[in-house]
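One letter stands for each residue in the lines below.
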Amino acid sequence: MSTGSEPVTIVGAGIAGAACAVVLRDADIPFRLVERGRSVGGRMASPELHGRRVDIGAGYFTVRDRAFTDVVGRWEDAGLARRWTDTFGVLSPGNSPTSSTGPMRWATPGGLRSLVRELLGDIGVDSEEITTVPDGDVVLAMPDPQANRLTPVPDPVGYDPVLTVVLGFDSLTLPFENAAFVNDHPVLEFLADDGARRGDGASVLVAHTTASLAREYLDHPDDAVAPVIDAVTEVIGSTPSWTHVHRWTFAKPVSAHASTFGCVQNRSSTLYFAGDQWSPGGPPRIESAWRSGSDAGRAVVDRRRR
């Protein structure tokens, strides 16, 4: 059994990995956080496009978890997060636009990635491609199909792909406010007014495709831009002046695990699994990924202190 003296390796610096790292840091458990990408955040990505940050992964976040409320309160006080809207438009071919009210959705002036950076603070991140499970205790904070490449995941959850197409306009008039779910459409699933979401009024629309469209163009995502432009033009009546496409091979879990994290014990180490797919009782959310990473971190702490 692990003596608890060697560092824990956390693989993945999305919000689940960041939340786990915070728990280990606060408990004085040695660890190493590793990320293969060029930046932290995972699917909370917000690259700079045409001079401003654009959220190209998760579209927003909700706050239902009581402990997560405290974290969000800190973000709100610091001006990193703001209440956005509880009402989205609903679009479907051949029907007039309607709307749907749900929980308050939160957005970020500086992009969702800024929240992961705030969580990490001065925690360092090693840029490294992990191809085999490291020695010692390991937390795999990533989608199950990615973790499954390294080691078998207990009852792995499948994922749907999504292509995100960002469209910039000279001016933008929409048949909905803030964002819209698109139902029964062969190309579009969700549209977000990024200027409204970010609060700067920019004429930037973010389109998320259906999983079926994404599968068709997964190996050549640039070719998906034309059908997305056609679909968006049909909805809003204008064409973009620039576009950007991003491929998410593992965008959305198609189901959820019955616990907030996974754990497999070996003779000399323990493997933990975390991410938004570990979301019992509800669909995957940013807050469920935070909860998963936090609970996995506490499990590591409890085991190390036995």
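Residues numbered from 1 in each chain as written. Predicted model: local features only at pLDDT ≥ 70, side-chain atom pairs only at ≥ 80, totals over all residues. Heavy atoms only, no water.

(A) Structural view of the nonpolar core. By size, the foremost hydrophobic cluster in this structure holds 41 residues, and its most contacted members are Ile 15, Leu 24, Phe 61, Phe 68, Trp 75 and Val 139. Among the elements of the structure, strand 1 (8-11), helix 1 (15-26), helix 2 (66-77), helix 3 (113-120), strand 8 (138-141), strand 15 (270-274) and helix 8 (286-304) are those that each provide at least two residues to this core. Residue contributions to this core peak at 9 residues, all from helix 1. Those residues in contact with Phe 68 that lie beyond four places of it in its chain are Phe 61, Thr 62, Val 63, Trp 75, Ile 286, Glu 287 and Trp 290. (Core = buried A, V, L, I, M, F, W, Y, C linked by side-chain atoms within 4.5 Å. Buried < 20%, exposed > 50% of the residue type's maximum accessible area, 1.4 Å probe, protein only. Helix = DSSP H or I, 4+ residues; strand = E, 2+ residues; numbered from the N terminus. Contact = heavy atoms within 4.5 Å.)

(B) Quick peek at the state of the cysteines. Taken as a whole, this structure holds 0 disulfides when the rule is applied. Cysteine Cys 20 shares no disulfide, and the gap to the nearest cysteine sulfur, in Cys 263, comes to 12 Å. On the basis of relative accessibility, which here comes to 1%, the residue Cys 20 falls in the buried class. Cys 263 sits in the partly exposed class, given a relative accessible area of 38%. (Disulfide = S-S within 2.5 Å.)

(C) Here's a closer look at the packing of aromatic side chains. By the definition in use, this model includes 13 aromatic pairs. Ring geometry for Phe 261 versus Tyr 272: centroids 6.5 Å apart, planes at 40 degrees, classification tilted. Placement of Phe 261 in the loop between strand 13 (242-253) and strand 14 (262-265) and of Tyr 272 in strand 15 is noted, with a sequence separation of 11 residues between them. Judged by its relative accessible area of 23%, Phe 261 falls in the partly exposed class. Among the aromatic residues, those joined into a ring-pair cluster are Tyr 60, Trp 84, Phe 88, Phe 181 and Phe 190. Lying over the aromatic face of Tyr 60, Arg 105 brings its terminal NZ or CZ to 5.6 Å of the ring centre. (Phe/Tyr/Trp six-rings, centres within 6.5 Å; stacked < 30°, edge-to-face > 60°. Lys NZ or Arg CZ within 6 Å of the ring centre and 35° of its normal.)

(D) Layout of the packing of helix 1 against helix 8. Running from N to C, helix 1 and helix 8 cross one another at 35 degrees; their axes reach a closest spacing of 7 Å. Classified by chirality, the crossing of helix 8 by helix 1 is right-handed. Between helix 1 and helix 8, the contacting residues are Ile 15, Ala 16, Ala 19, Cys 20, Val 23 and Leu 24 on the first element and Ile 286, Ala 289, Trp 290, Gly 293, Ser 294, Gly 297, Arg 298, Val 300 and Val 301 on the second. Classifying every residue of the contact of helix 1 with helix 8 by side-chain character gives 11 nonpolar, 3 polar and 1 charged. (Axes fitted to C-alpha atoms, helices over the stretch in contact; angles between N-to-C directions. Left-handed = near helix turned anticlockwise from the far one by under 90°. Nonpolar A, V, L, I, M, F, W, Y, C, P; charged D, E, K, R; others polar.)

(E) Structural context of the side chain of Asp 137. Checked against the element boundaries, Asp 137 lands in the loop between strand 7 (126-127) and strand 8. There is a polar contact of 3.3 Å between the side chain of Asp 137 and the side chain of Arg 303. (Polar contact = N/O pair within 3.5 Å; in protein donor to acceptor, adjacent residues only side chain to side chain.)

(F) Structural view of the sheet that holds strand 13. Overall, mixed pairing links the 7 strands, which are arranged 6-5-10-11-12-9-13 in an open sheet. Strand pairing shows two members of the sheet lacking a second neighbour, strand 6 (98-107) and strand 13, which therefore form its edges. Across the sheet, the mean angle from the axis of one strand to that of its neighbour is 20 degrees, orientation sign disregarded. One ladder, built from 7 bridges, connects strand 5 (residues 82-91) with strand 6; its direction is antiparallel. Across the sheet, residue Thr 85 finds its bridge partner in strand 6, namely Arg 105. (Pairing = 2+ DSSP bridges.)

(G) Region of the structure containing the packing of helix 1 against helix 3. For the pair helix 1 and helix 3, the least separation of the axes is 9 Å and the interaxial angle reads 15 degrees. One element, helix 1, and the other, helix 3, form an angle in the roughly parallel class. The interaxial crossing formed by helix 1 with helix 3 has left-handed handedness. Across the interface between the two elements, Ile 15, Ala 18, Ala 19, Val 22 and Arg 25 of helix 1 pack against Val 116, Leu 119 and Leu 120 of helix 3. A class-by-class count of the residues in the contact of helix 1 with helix 3 yields 7 nonpolar, no polar and 1 charged. (Parallel < 35°, antiparallel > 145°, perpendicular 65-115°, else oblique.)

(H) A look at helix 3. Burial analysis of helix 3 places 6 of its 8 residues in the buried class, which makes it a mostly covered element. Restricting attention to buried positions, one finds in helix 3 the residues Arg 113, Ser 114, Leu 115, Val 116, Leu 119 and Leu 120. Looking at the buried residues of helix 3, the elements they touch are helix 1, strand 2 (31-35), strand 4 (52-53), helix 2 and helix 8. Once helix 3 ends, the next one or two residues include Gly 121, with phi positive near 55 degrees.

(I) Spotlight on the pairing of strand 15. Counting buried positions over the 5 residues of strand 15 gives 5, a clear majority of the element. Judged by which residues are buried, strand 15 turns out to be covered on both faces: Thr 270, Tyr 272 and Ala 274 on one side and Leu 271 and Phe 273 on the other are all buried. Two strands pair when backbone bridges link them, and strand 8 and strand 15 are joined in this way by 4 bridges, in the parallel orientation. The residue bridging Val 139 from the neighbouring strand is Tyr 272, located in strand 15. Direction of pairing for strand 14 relative to strand 15: antiparallel, over a ladder of 4 bridges. Note that in strand 15 the partner of Cys 263 across the bridge is Tyr 272. Remark: 4 residues form the turn of the hairpin made by strand 14 and strand 15, two consecutive strands paired antiparallel.

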